[in-house]
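Here is how the chains run, residue by residue.
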Amino acid sequence: MMKEQLAKIKEDALAAIHAAGQSDELDAVRVKYLGKKGELTAVLKQMGKLPSEERPVMGQMANEVRAALTDAITEQSKALADVALNLKLKAETVDVTMPGQRQAVGHKHPITMVIDEVTDVFIGMGFQVVEGPEVELAAYNFTKLNTEEGHPGREWTDTFYITPGDVDPKNDAVLLRSQTSPMQVRTMETRKPPIRIVAPGRVYRKDEADATHSPMFHQIEGMAIDKGITMADLKGTLNEVVKSLYGEDAQTRFRPHHFPFTEPSCEVDVQCFECHGKGCSVCKGEGWIEVLGAGMIHPKVLEGCGIDPDVYSGWAFGMGVERLAMMRYGINNLKLCFENDVRFLEQF
Ligand code: PHE
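Attention here is on the structure that accompanies the text.

What counts and what doesn't
Residue positions are counted from 1 within each chain, in the order its sequence is given. With the structure being a predicted model, the display of local features is reserved for residues of pLDDT at least 70 and the display and counting of side-chain atom pairs for 80 or more, all residues being used for whole-chain, interface and lining totals. Note that water and hydrogens are dropped before the side-chain values are worked out from all heavy atoms of the structure. By convention in these notes, a residue is near a molecule or strand provided one of its non-hydrogen atoms lies within 4 Å of it. Under this definition, polar contacts are N or O atom pairs within 3.5 Å; protein pairs additionally need one hydrogen-donor-capable and one acceptor-capable atom, and for neighbouring residues in sequence, both atoms have to be side-chain atoms. For every accessible area listed, the method is Shrake-Rupley and the probe measures 1.4 Å; residues are considered covered only by the protein chains on display. Cavities and pockets were defined on a 1 Å grid built over protein atoms only: a cavity is a set of grid points that admits a 1.4 Å probe from which the probe cannot escape, a pocket is an open set flanked by protein on both sides within 12 Å along at least five of seven lines, and lining residues are those with an atom within 4 Å of any such point. If over half the atoms of a molecule are within 2 Å of the grid points of a cavity or pocket, the molecule is regarded as sitting in it. The helix count covers DSSP runs of H or I at least four residues long, the strand count covers runs of E at least two residues long, and both are numbered beginning at the N terminus. Only Asp, Glu, Lys and Arg are considered charged in this grouping, and only Ala, Val, Leu, Ile, Met, Phe, Trp, Tyr, Cys and Pro are considered nonpolar; every other residue, Gly among them, is considered polar. Partly exposed describes any residue whose relative accessible area lies between the buried limit of under 20% and the exposed limit of over 50%, with all areas from a 1.4 Å probe on protein chains only and scaled to the type maximum. Only heavy atoms matter for contacts: two residues are in contact if any of them lie within 4.5 Å across the pair. Grid points are joined across faces, edges and corners, and a volume is the space filled by probe spheres set on the points.

Once that is clear, we can look at the site of the ligand. Near the ligand lie 14 residues; those nearest to it are Gln179, Ser181, Arg205, Gln219 and Gly318. Contact distances for the ligand include 2.9 Å between an oxygen atom and a side-chain N or O atom of Gln219. Here the ligand has 320 Å² of accessible area as a free molecule, and 90% of this is covered by the chains. Of all the cavities here, the one that holds the ligand is the largest pocket. Top contributing element to the shell around the ligand by residue count: strand 9 (residues 313-320), with three residues. When grouped by side-chain class, the residues that make up the shell around the ligand number five nonpolar, seven polar and two charged.

Position of Tyr204 among the secondary structure elements: in strand 4 (residues 195-204). With a relative accessible area of 15%, Tyr204 lands in the buried category. For Tyr204 and Ser178, which are 26 residues apart along the polypeptide, the C-alpha to C-alpha distance reads 4.9 Å. The residues touching Tyr204, leaving out its near neighbours within four places in the chain, are Glu134, Phe160, Leu176, Arg177, Ser178, Pro215 and Met216. Among the polar contacts made by the side chain of Tyr204, one reaches the side chain of Glu134 at a distance of 2.5 Å.

Another point: the layout of surface pockets. Space inside the largest pocket adds up to approximately 980 Å³. Around the largest pocket sit 42 residues that line it, and Ser178, Arg205, Phe217, Gln219 and Phe259 are the ones nearest its centre. Where the lining of the largest pocket is concerned, the elements lending two or more residues are strand 5 (216-226), strand 6 (252-259), strand 7 (262-271), strand 8 (288-297), strand 9 and helix 10 (321-329). Looking at which element gives the most residues to the lining of the largest pocket, the answer is strand 8, with six residues. Grouping the constituent residues of the lining of the largest pocket by class yields 14 nonpolar, 19 polar and nine charged.

Here it is as structure tokens:
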């Protein structure tokens with residue numbers, strides 16, 4: 001009787017254990033048969049009612065059934081854990097061939113890129129980079145640059161004066177610098193020749209904004225002072241810079257011009273990148289695009305800064321960065337450089 005009962009329990013329990021597909025199902029089976037109120041436990045409780053000669057045999061059999069069920073539960077539990085682990089691994093597989101997610105990273109503004117490119121060329125030729133104030137004294141912006149009262153650049157209508165009150169633009173007037181040339185004076189006053197510097201920065205003029213003008217723009221000033229410096233050094237240096245920006249066959253043209261602080265003075269044009277000198281809408285039919293003013297530093301300017309013009313000579317130039325950038329990247333409207341539209345800026 002009990003023997004059949006035990007055999008039946010064993011059979012049913014093993015079947016239920018193997019059928020359990022989840023660990024909680026398996027646990028329920030364990031409770032059902034091996035728990036305090038489980039079926040096997042109930043049979044064992046009957047043991048006392050058996051005749052004494054049957055007890056050891058039944059006891060042994062019951063123990064075997066318990067051992068068999070316990071083993072089967074342990075095994076099934078391991079099997080279920082393996083299945084679960086495999087499923088988890090499969091779900092978490094990383095496909096290393098999938099394209100990554102790109103992080104949006106900003107980059108330098110085209111104006112900054114051109115400044116970096118030009119200053120790099122000069123650094124390669126032994127020049128140092130210096131920077132100076134955008135809010136400047138009229139003395140540095142004009143007077144010390146041999147630009148006396150009466151010069152059109154000094155007019156209220158040409159320059160942003162920020163001197164308080166109704167002040168006449170004398171030397172103590174304060175203004176937004178209209179050129180980077182005051183950096184010539186500031187450098188000469190603080191360094192002894194030989195001097196080789198470039199000074200990039202913002203300058204301000206009362207210009208109406210249009211395709212080629214802006215009340216704020218960038219210049220790079222350059223200056224070399226030493227014994228025996230000539231106009232030929234200026235030409236050689238500037239040609240080198242233009243070639244490194246626009247390629248080996250870029251052409252330059254030096255035209256006589258006037259600046260109060262250089263003598264002789266010139267303007268430098270670069271042959272139009274669009275039409276190669278034939279004349280087109282980009283160069284307004286000229287075939288050439290003006291990029292800078294330059295010249296041999298006026299003896300009066302050298303002298304005013306404590307440099308003897310009989311011993312030393314030097315040249316200086318001031319180039320318009322926006323012009324260079326427009327040519328470099330084929331930008332047709334200067335405004336684009338200041339609007340900060342990412343659709344424009346992303347193209348560089
Ligand atoms: N400062 C002049 C300008 O802005 C350019 C220049 C610089 C000319 C240095 C000669 C020497 O037009």
